[in-house]
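Single-letter residue listing:
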Amino acid sequence: MRRLSAGVAAVALLALTATACGSSGSGSSGKSSDGTTAVKVGVIPIVDVAPIYLGEKQGFYEKRGLDLTLESGQGGAAIVPGVVSGQFQFGFSNTTSLLVAQSQNVPVRAVANGVASTGKEGADVGGVVVKGDSPIKSAKDLAGKKVAVNTLKNIGDTSVRESVRKDGGDPEKVRFVELAFDQMPAALQAGQVDAAWVVEPSLAVVKGQGGRVVASNFVDVSPDLTIALYFTSDKLAQQDPELVKKFAEATRESLAYANDHPDEVREILSTYTKIPQKTLDAMTLPGWPEEPNRASIERLGELGRKDGLFEKAPDLDKLLP
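Sequence positions are assigned chain by chain, starting from 1 and proceeding in written order. Predicted model: local features are reported for residues with pLDDT of at least 70 only, side-chain atom pairs are reported and counted for 80 or more only, and whole-chain, interface and lining totals are derived from all residues. For side-chain calculations, the full set of non-hydrogen atoms in the structure is used, while hydrogens and water are omitted.

Some thoughts on the packing of helix α10 (residues 241-260) against helix α11 (residues 262-272)
Consideration 1: Geometry is summarised by axes, namely lines fitted to C-alpha atoms with helices restricted to the contacting stretch, and by angles between N-to-C directions that run from 0 to 180 degrees. Put simply, DSSP marks the helices as runs of H or I at least four residues long and the strands as runs of E at least two long, and each gets a number from the N terminus on. Across the interface, α10 lies against α11 with an axial gap of 5 Å and an inter-helix angle of 105°. Here α11 runs roughly perpendicular to α10, going by the angle between their axes. For the pair formed by α10 and α11, the contact residues are Tyr 257, Ala 258, Asn 259 and Asp 260 on the first element and Pro 262, Glu 264 and Val 265 on the second.
Consideration 2: Gly counts as polar in this scheme, as do all residues outside two lists: the nonpolar Ala, Val, Leu, Ile, Met, Phe, Trp, Tyr, Cys and Pro, and the charged Asp, Glu, Lys and Arg. Residues of the contact of α10 with α11, tallied by class, amount to 4 nonpolar, 1 polar and 2 charged. Orientation categories follow fixed angle ranges, with anything under 35 degrees roughly parallel, anything over 145 roughly antiparallel, 65 to 115 roughly perpendicular, and all other angles oblique. Contacts were defined at the residue level, with two residues in contact if any of their heavy atoms lie within 4.5 Å.

Given below as structure tokens:
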């Protein structure tokens, strides 16, 4: 079994340390004089979280007595321990990171769906891209090549390996390198990597530079892949189930609204990201179903075990709502 990546191990260690310290603020949320409950949510400034911004604007949380504060984090490595320690009442994280956390007994549980693949080959919210003149024609050609992913030993390389495997290539021969999404288009153009797994808006940028999609890795894992989820701590779920219920209900309403109002999604993105309008207009939006797809999460778990991400299999009954 491969060793767990330093980043994955750090998430678990930080979260468990926070739990052991017994922070007095852990899982707490305060009611104001008007009866509303202050709720902090750790999010990432990407397309995927547009529904929660829309939901706040439309008053879906306010009508349930929730005074929402959205705080941006760099990723799950910061948000998971933040939720466990009580810095945030809720957080947003990709599914594989939560599976890893659960397998290491980090006390978190999902409460609402986050974002999903479109299920459309070649027209998804993410994909493996190459330069227009690259000799790489399909996923099997990635064997022996240098491929950029944003985080090693996570949903990116696990799903890319599945694309290579399905196309008849050797997934073990892919050479993954870690690179931030926003740096991938330039690295690809400069020939620093042979291919890159990108998500929107970087996907639209690469396409604008003449790049090609050679694999829709999310679709290859599962056509209805649940990419990310909103989650909370076990402590808050036990202490204030009514708060968790209200947040989940408002989030589901927000997801449905985003699905039905794509123009408003693109508009709200300009309020919390710096994506140029031209890129906003060209982007493929993800799917925002109201409920997570358990079968697709089970598939991610199977692939994670193949890749050595888990010391023990995650318990989906404890993780999923």
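And the narrative resumes.
Structural notes on the environment of Ile 44
Consideration 1: With respect to the element layout, Ile 44 can be found in the loop between β1 (37-43) and α2 (50-58).
Consideration 2: Taking C-alpha positions, Ile 44 is 9.1 Å from Gly 91, a pair spaced 47 residues apart along the chain.

With respect to the packing of aromatic side chains
Pairs of aromatic rings are described using the distance from one ring centre to the other and the angle between the two planes.
Consideration 1: Between rings of Phe, Tyr and Trp, where Trp is taken as its six-membered ring, a pair exists when centres lie within 6.5 Å; planes separated by under 30 degrees are stacked, by over 60 edge-to-face, and by other angles tilted. Inspection of every chain in the model, using the stated rule, returns 8 aromatic pairs.
Consideration 2: Geometrically, the ring pair formed by Tyr 61 and Phe 247 is tilted, given 5.8 Å between the ring centres and 45° between the ring planes. Here Tyr 61, found in the loop between α2 and β2 (66-72), pairs with Phe 247, found in helix α10; they are 186 residues apart in sequence, far enough to count as distant.
Consideration 3: With a centroid separation of 5.2 Å and an interplanar angle of 75°, the aromatic rings of Phe 181 and Trp 197 are classed as edge-to-face. Note that Phe 181 is positioned in the loop between β7 (175-178) and α6 (184-189) and Trp 197 in strand β8 (residues 195-199), a separation of 16 residues in sequence.
Consideration 4: One aromatic cluster is present, built from ring pairs that chain together Tyr 61, Phe 90, Phe 92, Tyr 230 and Phe 247.

With respect to unusual backbone geometry
Consideration 1: In this model, Glu 200 is joined to Pro 201 through a cis peptide bond whose omega is 10°.
Consideration 2: In this structure, Pro 201 sits in the loop between β8 and α7 (202-208).
Consideration 3: With phi around 65°, Asn 105 is a residue other than glycine that occupies positive phi space.
Consideration 4: Examined against the element boundaries, Asn 105 turns out to sit in the loop between α4 (95-103) and β4 (108-116).
Consideration 5: The phi dihedral of Lys 153 is positive, around 55°, even though this residue is not glycine.
Consideration 6: Of note, Lys 153 is situated in the loop between β6 (146-149) and α5 (155-166).
Consideration 7: Summary of the burial criterion: residues with accessible area below 20% of their type's maximum are buried, those above 50% are exposed, and those between are partly exposed, where the area comes from a 1.4 Å probe applied to protein chains only. Since its relative accessible area comes to 22%, Lys 153 is described here as partly exposed.

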